Amino acid sequence: MHTQQPDTKLRGPAVWALILTGVASFMAALDNLVVTTALPAIREDLGGKLEDLEWTVNAYTLTFAVLLMFGAALGDRFGRRRLFIVGLSVFTGASAAAALSPGIDALIAARAVQGVGAAIMMPLTLTLLTAAVPAARRGMALGIYGAVTGLAVASGPLIGGSLTEHISWQWIFWLNVPTGLALIPLARLRLAESTAPGARLDIPGTLLISGGLFGIVYALVNANSEGWTSAPVLTGLIVGAALVGGFVHHGLNSANPMLPMRLFRDRGFLGINLASLLMFLGMFGSIFLLSQFLQGVAGYSPTEAGLRMLPWTGMPMIVAPLAGILSDRIGGRPVVAAGLAFQALGLGWFAAILSADVSYAAQLPPLILSGIGMALYFAPAANVLMSTVRPADQGRASGANNALRELGGALGVAVLASVFSAQGGYESPTAFTDGTVPALWIGAGAVALAAALALLVPGRGKAARAVADSRITPVPEKVPAAS
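For every chain, the first residue of the written sequence is number 1, and numbering continues from 1 along that sequence. Note on the predicted model: pLDDT of at least 70 is required for a residue's local features to be given, and 80 or more for side-chain atom pairs to be given and counted; whole-chain, interface and lining totals, by contrast, use all residues. The side-chain numbers reported here are obtained from all heavy atoms of the structure, hydrogens and water having been left aside.

1. Structural notes on the overall build of the protein
Argument step 1. Only DSSP runs of H or I covering at least 4 residues are called helices, and only runs of E covering at least 2 are called strands; the numbering of each starts at the N terminus. If you tally the helices and strands in the protein, you get 19 helices and zero strands.
Argument step 2. For every residue, the accessible area (1.4 Å probe, protein chains only) is compared with the maximum for its type, and the residue is labelled buried under 20%, exposed over 50%, or partly exposed between those bounds. Within the protein, the proportion of its 483 residues that are buried is 57%.
Argument step 3. Element-wise, carbon and sulfur atoms account for 66% of the exposed surface of the protein, whose accessible area totals about 18400 Å². Using the Shrake-Rupley algorithm and a 1.4 Å probe, accessible areas are obtained, with residue cover drawn only from the displayed protein chains.

Below, the structure is given as structure tokens:
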């Protein structure tokens, strides 16, 4: 008897889904760090105090982190393609508003709206892509998606510095506008619509998690300027933690919660989410300090510093697709764990060699090792996450994972910057190095712990059975065939 072989080719709809979700996620992830190297030019052009400039970064991070869960829930309820287009439209319009901002307050407001658009579209990219790609090729497709997202996160300072130095700071926002305008009609024509069966909006859960994450992230991004023991920071941490605790209680006892706490009983779901939070904690905080080290201590321009980071930031484009194929063959757990271990070793290597007069040749090996580690993590992590939940839960799982990653990034910048301030400062190259070294050791330790937690992910046998069933049932709707 002839046995039908599984479809292992990326056909038209899958290719279109990979292109559209990959480009959209690149734009959203890029805007996490793209502003950092443009801040001096923005201050010169628009004015504003140091706190105002910090909010041009934090306004995006805050709205992005606190509304991710709500964005995923809206997509599950009203249609993932429909809400993806809504989020993309909001993000594109806010990017134009940011570029046209006449003052610093208008720029901060536009950045906050950008975060709203990104929070709606970003968690839906994974569910739309997973629905379109055959299970047997999902590792490769999500590996490419992970490479694009990882490159965007890490190359933000390079792209922002280059555009600011050679054109103007407004172009870090104008870049999104033609891209978004091109993606909107293509998404309508080429993506299939899907919903979560029986999905309902969880208003109490949305308010609890949004308020809780807002309080925590607000405290983290203001801890350096106001102090960890200041009233606003302590209030944000305490009230935020209480609201998150209320969200957990709600998820355990509600009939239809936004994020069922039963998902965390799966050790794979728990492991990959905790590992993602710690990975972003160590990576974001370290990139934040090392990019400044290359400019403030080594004396490179923003563009030159970004180019010298390419062995780290550009590695995902080379390694991640290969790592995705490897994860299809041997499973995601060993690839993720190895990537996190390499990233931890790279950061530890940096901490061991860093000095005010360290040569670039000495920095090159840990840059390469960190880049390989980042790529190995990003490639299979999305596939591992999706393999731990049922199709009906994939939107909520994606939103939770993205929120935890954003929270990890905010925590990484706040914690490592606080260590930097306590142990050193900007007074001299030696002081900068004295503050950076212990911060990097903490970043390395966080990523090493993430590598250990990644071992909680189930082995290939259980994961493969879950992936084989992870298909999203589309709503009855005709979708034009891809050419």
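Past the structure itself, the notes keep going.
2. Overview of the confidence of the model for the protein
Argument step 1. Looking at the protein as a whole, its pLDDT mean stands at 78, while 86% of the residues score no less than 70.
Argument step 2. In the predicted structure, residues 1-8 sits below a pLDDT of 50 and forms four contacts with residues beyond four places in sequence or in another chain.
Argument step 3. Considering only residues more than four positions removed or in separate chains, one finds that residues 463-483, a stretch of pLDDT under 50, has 43 contacts. One number per residue, pLDDT, summarises how confident the predictor is, and it ranges from 0 to 100. Contacts are assigned to residue pairs that have any heavy atoms within 4.5 Å of one another.

3. Points about the environment of V148
Argument step 1. Tracing the backbone shows V148 in helix α6 (residues 138-166).
Argument step 2. Measuring from C-alpha to C-alpha, the distance between V148 and M27 comes to 9.9 Å, with 121 residues separating the pair along the chain.
Argument step 3. Sequence-distant contacts of V148, that is, excluding residues within four places in its chain, are made with G22 and F26.

4. Quick look at helix α10 (residues 231-253)
Argument step 1. Expected helix span is computed as 1.5 Å times (number of residues minus one). Helix length check: α10, at 23 residues, gives a terminal C-alpha distance of 33 Å against a target of 33 Å (1.5 Å per residue), a fit within 8%.
Argument step 2. Those residues of α10 that fall on the buried side of the exposure criterion are V233, G236, G240, F247, H250 and G251.

5. A short note on the packing of helix α4 (residues 80-99) against helix α8 (residues 176-190)
When two helices pack together, their arrangement is captured by the angle between the axes and the distance separating the axes.
Argument step 1. Where α4 contacts α8, the two axes come as close as 9 Å, and the packing angle between them is 165 degrees. One way to sum up the angle between α4 and α8 is to call them roughly antiparallel. Handedness of the α4/α8 crossing: left-handed. Residues R81, F84, I85, L88, S89, F91, T92, S95 and A96 of α4 form the contact with α8, whose own contacting residues are N176, V177, G180, L181, L183, I184, A187 and R188. Angular values range over 0 to 180 degrees, each being the angle between N-to-C directions of two axes fitted as lines to C-alpha atoms, with helices fitted over their stretch in contact. Relative orientations are named as follows: roughly parallel for angles under 35 degrees, roughly antiparallel for angles over 145 degrees, roughly perpendicular for angles from 65 to 115 degrees, and oblique for any other angle. For any helix crossing, the convention is left-handed if the near helix is rotated counterclockwise from the far helix by under a right angle, and right-handed if that rotation is clockwise.

6. A word on a nonpolar patch on the surface
Argument step 1. Judged by side-chain polarity, F78, L201, I203 and L207 come together as a nonpolar surface patch covering roughly 370 Å² of accessible area.
Argument step 2. Mapped onto the elements, L201 comes out in the loop between α8 and α9 (203-226). Only residues above 30% relative accessible area that lack a salt bridge enter a patch, with like-charged residues linked at up to 9 Å and the nonpolar side chains Val, Leu, Ile, Met, Phe, Trp and Tyr linked at up to 5 Å. Salt bridges are counted wherever a side-chain nitrogen of Lys or Arg sits within 4 Å of a carboxyl oxygen of Asp or Glu.

7. Let's talk about the side chain of T21
Argument step 1. By the secondary structure assignment, T21 is in helix α1 (residues 12-30).
Argument step 2. Non-local contacts of T21, meaning those with residues more than four positions away in its chain, are made with T125, L128, L129 and Y145.

8. Thoughts on the packing of aromatic side chains
Argument step 1. Centre distance within 6.5 Å is the pairing criterion for rings of Phe, Tyr and Trp, where only the six-membered ring of Trp is used; planes under 30 degrees apart are then read as stacked, over 60 as edge-to-face, and the remainder as tilted. All told, the structure shown has five aromatic pairs when counted by the stated rule.
Argument step 2. Aromatic pair F293 and F432: ring centres 6.3 Å apart, planes at 45 degrees, arrangement tilted. Of this pair, F293 sits in helix α11 (residues 267-296) while F432 is found in helix α18 (residues 429-454), placing the two residues 139 residues apart along the sequence.
Argument step 3. Residue classification places F293 among the buried residues on the basis of a relative accessible area of 2%.
Argument step 4. Through successive ring pairs, a cluster of aromatic residues spans F293, F420 and F432.

9. Comments concerning the nonpolar core
Argument step 1. Here, nonpolar core refers to any group of buried Ala, Val, Leu, Ile, Met, Phe, Trp, Tyr and Cys residues whose side-chain atoms link them within 4.5 Å. Grouped together as the largest cluster of nonpolar side chains are 127 residues, with contacts concentrated most on F84, M283, W312 and L340.
Argument step 2. Sorting elements by how many residues they give to this core places α11 first, with 15 residues.
Argument step 3. V319, A323, V335 and L376 belong to the second-largest nonpolar core, a separate cluster that totals seven residues.

10. A look at the packing of α11 against helix α15 (residues 332-353)
Argument step 1. Packing of α11 against α15 leaves a shortest axis separation of 11 Å and a crossing angle of 30 degrees. With respect to each other, α11 and α15 are oriented roughly parallel. The two elements α11 and α15 cross, and the hand of that crossing is left-handed. Together, I272, A275, M279, G282, S286 and L290 of α11 and V336, L340, Q343, L347 and F350 of α15 make up the contact between the two elements.
Argument step 2. When residue character is reported, Ala, Val, Leu, Ile, Met, Phe, Trp, Tyr, Cys and Pro are called nonpolar, Asp, Glu, Lys and Arg charged, and the others, Gly included, polar. The residue inventory of the contact of α11 with α15, partitioned by class, reads eight nonpolar, three polar and no charged.

11. Thoughts on the environment of R262
Argument step 1. Summarising the element assignment, R262 is placed in the loop between α10 and α11.
Argument step 2. Assessed through its relative accessible area of 35%, R262 is described here as partly exposed.
Argument step 3. Measuring from C-alpha to C-alpha, the distance between R262 and L252 comes to 7.4 Å, with 10 residues separating the pair along the chain.
Argument step 4. If we skip the residues at most four places from it in the chain, R262 touches R390, D393 and R396.

12. Focus on the side chain of N273
Argument step 1. Relative to the helices and strands, N273 resides in helix α11.
Argument step 2. If near-sequence neighbours (up to four positions away) are discounted, N273 is found in contact with L385, A400, N401 and L404.

13. Examining the environment of D393
Argument step 1. For D393, the position within the fold is in the loop between α16 (360-386) and α17 (394-423).
Argument step 2. Distance from D393 to M258, taken between C-alpha atoms, is 9.5 Å for residues 135 residues apart in sequence.
Argument step 3. If we skip the residues at most four places from it in the chain, D393 touches R262 and L263.

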